[in-house]
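In case you want the letters, here they are:
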Amino acid sequence: LQAYASTDNNNNILNTLKQAALIRDVPNETIKTILNDENINEIIKLSPNYSIDSLKGKWELVLSTITGYLPVVEIIDFFIYSLESSFKQVLIAKITGESNIVNNTKPIVIEFTPITVKIGWFSINFPSKKPKTYTFIYVDEEFCLAKSSNGGYSILKKII
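What counts as what
- Residues numbered from 1 in each chain as written.
- Predicted model: local features only at pLDDT ≥ 70, side-chain atom pairs only at ≥ 80, totals over all residues.
- Heavy atoms only, no water.
- Helix = DSSP H or I, 4+ residues; strand = E, 2+ residues; numbered from the N terminus.
- Rg over C-alpha atoms; globule rule 2.2 N^0.38 Å.
- Buried < 20%, exposed > 50% of the residue type's maximum accessible area, 1.4 Å probe, protein only.
- Lys, Arg positive; Asp, Glu negative; His and termini not counted.
- Charge placed at Lys NZ, Arg CZ, Asp CG, Glu CD.
- Pairing = 2+ DSSP bridges.
- Axes fitted to C-alpha atoms, helices over the stretch in contact; angles between N-to-C directions.
- Parallel < 35°, antiparallel > 145°, perpendicular 65-115°, else oblique.
- Contact = heavy atoms within 4.5 Å.
- Nonpolar A, V, L, I, M, F, W, Y, C, P; charged D, E, K, R; others polar.
- Arc of directions from axis to C-beta.
- Polar contact = N/O pair within 3.5 Å; in protein donor to acceptor, adjacent residues only side chain to side chain.

A. Fine view of the overall build of the protein chain. Across its full length, the protein chain carries four helices and ten strands. Tracing the protein chain from N to C terminus, the helices and strands come up as α-α-α-α-β-β-β-β-β-β-β-β-β-β. The C-alpha atoms of the protein chain give 16 Å as radius of gyration, which agrees with the globular expectation for 160 residues (15 Å, within 12%). With the C-alpha coordinates aligned to their principal axes, the bounding extent of the protein chain is approximately 55 × 35 × 30 Å. A total of 160 residues make up the protein chain; the buried ones form 42% of that total. Mean positive and mean negative side-chain charge positions of the protein chain (16 and 16 charges, respectively) differ by 7 Å.

Okay, structure coming up:
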């Protein structure tokens with residue numbers, strides 16, 4: 001893993017993150033190792049110029065450095081700025097919410113507030129006291145990297 005720490009291998013870092021997003025075959029421990037402070041600063045420098053428009057589309061949360069590859073499907077829809085989570089194998093519950101753009105320039109910061117939990121035919125509406133926040137530090141046309149309010153990093157892939 002020493003190669004990942006070298007400035008000469010920044011493309012290796014981005015390729016590894018992209019591979020995690022698109023193929024899901026990079027161990028979570030490898031991702032945690034390469035997402036250290038030094039590499040994060042390099043990733044920020046390598047990030048192409050992006051704006052809030054760069055996020056337009058639907059993105060699937062693939063991996064969190066806190067939980068690894070996710071057993072749930074979490075889709076962020078930047079066409080309508082919403083967040084929807086559901087269980088991958090069997091649709092048992094769905095959490096939907098709204099979002100608020102906190103900062104619309106690099107780095108883009110977006111808060112998501114859960115509003116409704118649907119379990120079967122039942123819906124429960126509730127206000128959230130603590131929104132989920134993503135700070136997007138790398139965005140390209142295939143994947144993005146964001147710092148989550150839970151303290152970890154999240155890798156998302158563009159699906160539409």
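B. Fine view of the pairing of strand 7 (residues 122-125). One ladder, built from four bridges, connects strand 6 (residues 108-119) with strand 7; its direction is antiparallel. Bridged to isoleucine 119 within strand 7 is phenylalanine 122. From the end of strand 6 to the start of strand 7, which pair antiparallel, there are two residues, and glycine 120 there has a positive phi angle of about 60°.

C. Quick look at unusual backbone geometry. Looking along the chain, the bond that leaves lysine 106 and enters proline 107 is cis, with omega of -5°. Along the chain, the position of proline 107 falls in the loop between strand 5 (93-103) and strand 6. The residue arginine 24 is not glycine, and still its phi comes out positive at about 60°. With respect to the helices and strands, arginine 24 occurs in the loop between helix 2 (10-22) and helix 3 (28-34). On the accessibility criterion, arginine 24 (24% relative accessible area) is partly exposed.

D. Focus on the packing of helix 2 against helix 4 (residues 37-46). Packing of helix 2 against helix 4 leaves a shortest axis separation of 10 Å and a crossing angle of 90°. Here helix 2 lies roughly perpendicular to helix 4, going by the angle between them. Together, Asn10, Ile13, Leu14 and Leu17 of helix 2 and Asn39, Glu42, Ile43 and Leu46 of helix 4 make up the contact between the two elements. Of the residues assigned to the contact of helix 2 with helix 4, the class counts are five nonpolar, two polar and one charged.

E. View of helix 4. Along helix 4, the residues that are buried comprise Asn39, Ile40, Glu42 and Ile43. The arc that holds every buried residue of helix 4, seen down its axis, measures 160°, which confines them to one face. Of the residues in helix 4, the exposed ones pointing more than 90 degrees away from the buried face are Asp37 and Lys45. With a side-chain oxygen lying 3.1 Å from the backbone nitrogen of glutamate 38, the N-terminal cap of helix 4 falls on asparagine 36.

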